Amino acid sequence: MSGHAAGPSCLETNDWICGEYLRTRSQELTDATVQHLGITAVSVLIGLLIAFPLALLARSRRGAAGPVLGLTTVLYTVPSLAMFALLTPVFGVSAAVVVTGLVLYSLTILVRNILAGLQAVPAEVREAARGMGYGPARLLLEVELPLALPALVAGVRIATVSTVAMTTIGSVVGYGGLGNLIASGMEGFFKAEVLTASVLCVLLALLADLLLMLLQRLLTPWTRAQARGAARARARRGARVAKAAG
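This report concerns the structure included in the present document. Quick caveat, the model's predicted, so the values are computed rather than measured. (Residues numbered from 1 in each chain as written. Predicted model: local features only at pLDDT ≥ 70, side-chain atom pairs only at ≥ 80, totals over all residues. Heavy atoms only, no water.)

**So, the packing of helix α2 (residues 26-60) against helix α7 (residues 136-166)**
Logical step 1: One can describe the packing of α2 onto α7 by two numbers: an axis separation of 10 Å at closest approach and a directional angle of 140 degrees. Judged by the inter-axis angle, α2 sits oblique to α7. The chirality of how α2 crosses α7 is right-handed. Mapping the contact onto sequence places His-36, Thr-40, Ser-43, Val-44, Leu-48, Phe-52, Leu-56 and Arg-59 in α2 and Leu-140, Glu-144, Leu-145, Leu-152, Val-156, Ala-159, Thr-160, Thr-163 and Val-164 in α7.
Logical step 2: Among the residues making up the contact of α2 with α7, the classes are represented as 10 nonpolar, 5 polar and 2 charged. (Axes fitted to C-alpha atoms, helices over the stretch in contact; angles between N-to-C directions. Helix = DSSP H or I, 4+ residues; strand = E, 2+ residues; numbered from the N terminus. Parallel < 35°, antiparallel > 145°, perpendicular 65-115°, else oblique. Left-handed = near helix turned anticlockwise from the far one by under 90°. Contact = heavy atoms within 4.5 Å. Nonpolar A, V, L, I, M, F, W, Y, C, P; charged D, E, K, R; others polar.)

Right, dumping it as structure tokens:
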């Protein structure tokens, strides 16, 4: 009794979901993911290093906030293709073009959130710290920055998720991480390549956001204590109201 001939593979039928694609292209997917992660991490880190002094400048000097925030907003509105075209003569066709563009795009989010966090520190807290002999640097590092951490980390989370998505645009210069696979898959209408790279990109964004959220909880334990205290206060008020109504 003769066996049945095997049907065409999912690669041959160009299916959206294809295990054979994952097996045969695993190294390609790994390389693209590593490049994507590297470009994203470097871009957000450099953006944070630039955004922090800009936020301090906007906070400390009268009249500086408007120009700083306005400049970062203008940079964010520049179309990505135009941005890369302007940067390519400076950096050549390299990953530096993509990183620089992503850094410039991240500034509008990071600067605004850092500035908002610093401005939200109560004035009486600053005055109390100064009364205890805190100088400007110690005041910033030990008082203002810890209190501004929730807003700062929130900005980093938004910037990171945005950068994960925007890194794909780097495929126009060959440094788009998973975007390279999406672009080549779209060009040849290779369904499995497009879907797999897109799903990986979404998973990277979700994982990065989750890790940063956990980091925020680790660095700001007092916010959980405040939330529990507020919840207990609401419960007590509710009990008093119920008792009075009864």
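What follows picks up the thread again.
**Focus: unusual backbone geometry**
Logical step 1: Positioned with a positive phi, Phe-189 is a non-glycine residue whose angle comes to about 50 degrees.
Logical step 2: With respect to the helices, strands and loops of the structure, Phe-189 is situated in the loop between α8 (178-188) and α9 (191-219).

**Side note on the packing of helix α5 (residues 95-119) against α7**
Logical step 1: Between α5 and α7, whose axes approach to 8 Å, the crossing angle comes to 150 degrees. Judged by the angle between their axes, α5 and α7 are roughly antiparallel. Relative to α7, α5 is oriented so that their crossing is right-handed. Seen from α5, the contacting residues are Leu-102, Tyr-105, Ser-106, Ile-109, Leu-110, Asn-113, Ile-114, Gly-117 and Leu-118; seen from α7, they are Leu-140, Glu-144, Ala-148, Ala-151, Leu-152, Ala-154, Gly-155, Val-156, Ile-158, Ala-159, Thr-163 and Met-166.

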